[in-house]
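Structure assessment
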Amino acid sequence: MKKVMLTGDRPTGRLHVGHYVGSLRRRVELQNTGDFDDIFIMIADAQALTDNADNPEKVRQNIIEVALDYMACGLDPEKSTLFIQSQVPELTELSFYYMNLVTVSRLQRNPTVKNEIKMRNFEASIPVGFFTYPISQAADITAFKATVVPVGEDQLPMLEQTKEIVHKFNSVYGDTLIDPKILLPENEACLRLPGIDGKAKMSKSLGNCIYLSEESEDIKKKVFSMFTDPNHIRVEDPGSLEGNTVFTYLDAFCKPEYFAEFLPEYQNLDELKAHYQRGGLGDMKVKRFLNNVLQAELEPIRNRRKELQKDIPAIYEILKKGSEKAEAVAAQTLKEVKDAMKINYFDDKALIEAQAERFSK
Ligand code: ATP
Ligand code: MG
């Protein structure tokens, strides 16, 4: 079986460090292993419209931002197909058929969607498109016959929904769709990176982000405003790591070599944590270290992005070519789906003959 990766992001803002550790960093690593027969990276504009129907300009403006972030992080259009969801209309058609395989109560049980409905104040009236976006995500994943989907933890319910649709479809219409495997980050801190406020997950829609394209000064300001342990008032007080965002970020980003470079009095993160817990280590020192780590991680990304920004038409051209390739692949799957469902009346000579025979009697 071919090895195919598919994943994507909603163009609702620039990408942030949560996207990076949750999915983007892994995609680039997987891309560069050369192990995949095909890699599809989707800018999910149609999905973004399900909760931004009154603000299509926001979605339109952010497509290029996401594409720049992708390439700045190392997604390479020579190795990965970068495309825009709405430019592949086959995805909508697949969603329409999959809708018949899912119940309203099943969609209502999806914990991520439940949470997002609350966050968006949709409780009183949910747009139907938003409510059903897990079905459209199943279309995205299956259209490309994805075997691997690297995503953050919030996407787990979507992958479960996709698997159910695949099983249902294959059992009703015969083996057609591929069952995908979800690839969550191995590092626990990366499953759902919190925002700088320490509350909910870092999310474009919540304004608690450090963006990948953030300028150096702004990264510093955000790091120094970050939530730590509210009871760690004096340096000598013992500090807690529980819910301490600065340490969560260090868990997500710190590499051993950063100690030698920026904080040589400690060997590793465990030593730093132990000192914090016993008391005698101030928040400022930890924040200075985190700032150095994030600056080292983000500087090359920001610089590559600035280079890429010099030729914007070229990026649109890459997305156009990618969308054309993606459409060809999705069209083939759609044909297989319709054949399996026997929605292929005009190609089915036997059907036409049998009907003719029936009415000739
Ligand atoms: P929105 O608020 O518009 O939904 P978002 O910030 O949640 O935006 P998405 O485009 O929905 O971003 O998510 C894209 C990918 O990034 C998904 O794989 C998701 O799991 C992952 N992701 C998003 N936020 C985080 C986070 N804070 N930590 C880890 N992974 C994340
Ligand atoms: Mg999201």
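Computed from a predicted model, the values in this text were never measured in an experiment. (Residues numbered from 1 in each chain as written. Chains lettered and ligands numbered in written order. Predicted model: local features only at pLDDT ≥ 70, side-chain atom pairs only at ≥ 80, totals over all residues. Heavy atoms only, no water.)

Counting its secondary structure elements, the chain contains 16 helices and five strands. Dimensions of the chain, computed from C-alpha atoms along their principal axes, come out at roughly 95 × 45 × 40 Å. Taken over 361 residues, the chain has a buried fraction of 52%. Taking the contacts inside the chain whose residues are at least 6 apart along the sequence as the reference set, 77% of them involve residues at least 24 apart. Accessible area of the chain: about 17600 Å², with a carbon and sulfur share of 52%. In the chain, 47 positive and 55 negative side-chain charges are present, and the distance between their average locations comes to 2 Å. (Helix = DSSP H or I, 4+ residues; strand = E, 2+ residues; numbered from the N terminus. Buried < 20%, exposed > 50% of the residue type's maximum accessible area, 1.4 Å probe, protein only. Contact = heavy atoms within 4.5 Å. Areas by Shrake-Rupley, 256 points an atom, 1.4 Å probe, with all protein chains shown as cover. Lys, Arg positive; Asp, Glu negative; His and termini not counted. Charge placed at Lys NZ, Arg CZ, Asp CG, Glu CD.)

Moving on, we come to the domain arrangement of the chain. Along its sequence, the chain is carved into domain 1 (4–192 + 312–352) and domain 2 (216–307). The straight-line distance from the C-alpha centre of domain 1 to that of domain 2 is 34 Å. Between domain 1 and domain 2, the residue contacts involve 14 residues of the former and nine residues of the latter. Together, the buried faces of domain 1 and domain 2 total about 1000 Å²; carbon and sulfur atoms form 61% of this surface. Interface area lost by domain 1 to domain 2 is led by Val17, Ala72 and Ala189, which between them contribute 45%. Put simply, domain 1 and domain 2 have two salt bridges between them. Put simply, the parts of the chain that give the side of domain 1 that touches domain 2 at least two residues each are helix 1 (17–33) and helix 3 (56–73). Among the elements that make up the side of domain 1 that touches domain 2, the one with the highest residue count is helix 3 (six residues). Here the residues of the side of domain 1 that touches domain 2 are counted per class, giving nine nonpolar, one polar and four charged. (Domains from an automatic or database assignment. Buried area = accessible area lost by both parts, 1.4 Å probe. Salt bridge = Lys/Arg side-chain N within 4 Å of Asp/Glu carboxyl O. Nonpolar A, V, L, I, M, F, W, Y, C, P; charged D, E, K, R; others polar.)

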